[in-house]
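Notes for the structure review
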Amino acid sequence: MFFRKKDKKKAAELQKNAQDEIVSLKKQVEDLLNDRVTPAIVQAADKADQVVHNTKEITDHQMKQVSDKVQSKPLIAIVLSVVIGYLLGRVIR
């Protein structure tokens, strides 16, 4: 099958236009990622890191408080542990 020069030229022009559009879309996606998505991900990661850090601090503080209370009143802590263990054992059965 033979194509006319006009058809070949038009096909080449359409191919060039399609390639230009692809390059343009690629640039737009890259700009969007750099301007919007990446900063949002970095901000979310920073917030998550801050939440983890705050949670660790709170947990450490609470563990210290419990440890201090157990050390100040060890007999009460033992009795309380036995009672809680007994109750949990009864509930689980």
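Scroll up a little and you will see the structure.
Note that the structure is a prediction, hence the values are computed from the model and not measured.

Conventions adopted
Residues numbered from 1 in each chain as written. Predicted model: local features only at pLDDT ≥ 70, side-chain atom pairs only at ≥ 80, totals over all residues. Heavy atoms only, no water. Helix = DSSP H or I, 4+ residues; strand = E, 2+ residues; numbered from the N terminus. Rg over C-alpha atoms; globule rule 2.2 N^0.38 Å. Buried < 20%, exposed > 50% of the residue type's maximum accessible area, 1.4 Å probe, protein only. Areas by Shrake-Rupley, 256 points an atom, 1.4 Å probe, with all protein chains shown as cover. Salt bridge = Lys/Arg side-chain N within 4 Å of Asp/Glu carboxyl O. Expected span 1.5 Å × (residues − 1). Bend = angle between axes of the 7 residues up to and from the residue.

This paragraph deals with the overall build of the protein chain. Helix and strand counts for the protein chain stand at two helices and zero strands. A compact globule built from 93 residues would reach a C-alpha radius of gyration of about 12 Å, whereas the protein chain, at 34 Å, exceeds it by more than 25%. A principal-axis box enclosing the C-alpha atoms of the protein chain has dimensions of 100 × 35 × 10 Å. The buried share among the 93 residues of the protein chain stands at 1%. In the form shown here, the protein chain has an accessible surface area of approximately 9,200 Å², with 64% of it arising from carbon and sulfur atoms.

What follows deals with the pattern of salt bridges. On inspection of all chains with the given rule, the structure shows four salt bridges. We note a salt bridge from D20 to K16, for which the minimum N-O separation is 3.2 Å. Taken together, the residues span about one helical turn, with D20 and K16 both in helix α1 (residues 5-72) at a distance of four residues. When its relative accessible area of 47% is taken as the criterion, K16 is described as partly exposed.

Below, the discussion takes up α1. Taking 1.5 Å per residue as the helical rise, α1 with its 68 residues ought to reach 100 Å, and the 97 Å between its terminal C-alpha atoms agrees with that figure. Residue L33 marks the point of greatest curvature in α1, where the axis turns by about 40 degrees.

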